[in-house]
Amino acid sequence: MIARTQYKMGPADLEMTLAMTRTGTLAAAGERLGVDASTVFRALQRIERGLGRPLFERTRSGYVPTELAQELAVQAESIESALEAARSMVESAPSQISGVVRVTTTDTVLHGLVGPALAAMREEHPLLAFELHTGNELASLTRRDADIAVRATKRPPAHLVGKQIGPIRVALYAARRARLRSFELARAASLDWVAPDEALPEHPSVVWRKRHFPKLVPRYQVGSILSVLELVALGLGIGVVPLFLAEGRKDLVRLTDPLPECKTELWLLTHPDVRHLRRVGAVYAHLSKVIQLP
């Protein structure tokens, strides 16, 4: 590439570079920017010709940012944060807090804890909107694709700031219709089990089951703890699920005390660059106050 003389990057160039760095595809970047993929492609070609250097490596899986693109994305994030801070300053009363807050969590925590907590915010902050992402990784928060993460972990990433909400305790449950009222180790192999599949190999319940019942093969394997809960409730087998999901349900019965080996911690996390934003701060404070663990 041959650079144009004294090429000057503009705000739109930085915004496009940031979108590509965060998403890795032309289509996803275009969706974020409100344009089509071909527009993003032409803009990227123009910037790279102007700089005389590539910003992204083209691979089969998408666009991988070069070191230069990553450095430019950091600068773009600073501008983004400054603009967000300026918008927050012009908001007057707390009742006028508005905008979109992006929350990342797991489907289990979303349905059991975050969703009910957010429902209580509607009257106090009617102008707030939410993008709720469910997944088992923290990458979306690290890339600033999310503002707040609610995660079960024993070691939250050091570059994030947050608060430990409390312990997540789990136990073994069965459907009430199954007429099981206790769990006997000797009968474990003869019972049908519902358990997470290979998508969650390090889940505490999986580690516990394999340690105590190494030869046991679950009859039903599913991709989420929420699915474990619902299949157990249908009577398909026994399974380990969090107390915050199962306690209070009339269709389930607890077979064991909480399993101490499976206990982990629930953390409320955010990125240092966005925690000062009023909309993020309001949601963070609300979740911190409202979420309660049994």
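Within any chain, residue numbers begin from 1 and follow the written order of that chain's sequence. It should be noted that, the model being predicted, local features are given only for residues of pLDDT at least 70 and side-chain atom pairs only at 80 or more, the latter also being counted only at that level, while totals for whole chains, interfaces and linings use all residues. Hydrogen atoms and water are omitted, and side-chain values are computed over all heavy atoms in the structure.

S.K.: Mind showing me how you'd approach the sheet that holds strand β12 (residues 264–270) here?
M.R.: Whenever strands of a sheet pair, they do so through backbone hydrogen bonds, lying parallel or antiparallel. Pairing between strands requires that DSSP locate at least two bridges from one strand to the other. For the purposes of this entry, the term helix denotes a DSSP run of H or I that reaches at least four residues, the term strand denotes a run of E that reaches at least two, and both are numbered from the N terminus. Strand order across the open sheet formed by 5 strands is β4-β3-β5-β12-β6, with mixed pairing between neighbours. Because the sheet does not close on itself, it has two edges, and the strands there are β4 (128–134) and β6 (161–168). Adjacent strand axes in the sheet meet at a mean angle of 20 degrees, parallel and antiparallel pairs treated alike. As paired strands, strand β5 (residues 148–152) and β12 are joined by 5 bridges and run antiparallel to one another. All axes here are fitted lines through C-alpha atoms, helices being fitted over the stretch that makes contact, and every angle between N-to-C directions spans 0 to 180 degrees.

S.K.: Can you walk me through the pairing of strand β3 (residues 99–105) in this structure?
M.R.: Successive side chains on a regular strand alternate, one facing one side of the sheet and the next facing the other. By the criterion of burial, β3 is predominantly enclosed, with 5 of the 7 residues buried. Of the pairings in the sheet, the one linking β3 to β4 comprises 7 bridges and is parallel in character. What sits directly across from R102, in β4, is E131. For a crossover, the right-handed case is the one in which the path from the first strand over the helix to the second runs clockwise, viewed with the strands pointing away from the viewer. Taken together, β3, helix α5 (residues 107–119) and β4 form a β-α-β motif whose crossover is right-handed. Bridge count for β3 against β5 is 2 bridges, and the pairing is parallel. Only protein chains enter the area calculation, which uses a 1.4 Å probe; residues under 20% of their type maximum are buried, those over 50% are exposed, and those in between are partly exposed.

S.K.: Whenever I open this one, the nonpolar core confuses me. Can you help?
M.R.: Only buried Ala, Val, Leu, Ile, Met, Phe, Trp, Tyr and Cys residues count toward a nonpolar core, and they belong to the same one when joined by side-chain atoms within 4.5 Å. Core analysis: the biggest nonpolar cluster contains 42 residues, and I148, V150, Y173, L266, V283, L287 and I291 have the highest contact counts within it. Those residues within four positions of L287 in sequence are excluded, and the remaining contacts are A117, L118, I148, V150 and L268. Counting 19 residues, the second largest nonpolar core, distinct from the first, contains M20, A43, I47 and L72. Note on contacts: a residue pair qualifies if any of its non-hydrogen atoms lie within 4.5 Å across the two residues.

S.K.: Even after reading the chapter, I still don't get the sheet that holds strand β11 (residues 252–254), so can you show me in this structure?
M.R.: The strand order across the open sheet formed by 3 strands is β10-β7-β11, and the pairing between neighbours is antiparallel. Bordering the open sheet on either side are β10 (239–242) and β11, each of which pairs with just one other strand. Between one strand axis and the next, the sheet turns by 50 degrees as a mean value, whatever way the strands run. Direction of pairing for strand β7 (residues 170–175) relative to β11: antiparallel, over a ladder of 3 bridges. Each residue of the ladder has a partner; that of A175, found in β11, is L252.

It is worth stressing that arrangement in space is one thing and function is another; only the former is reported here.
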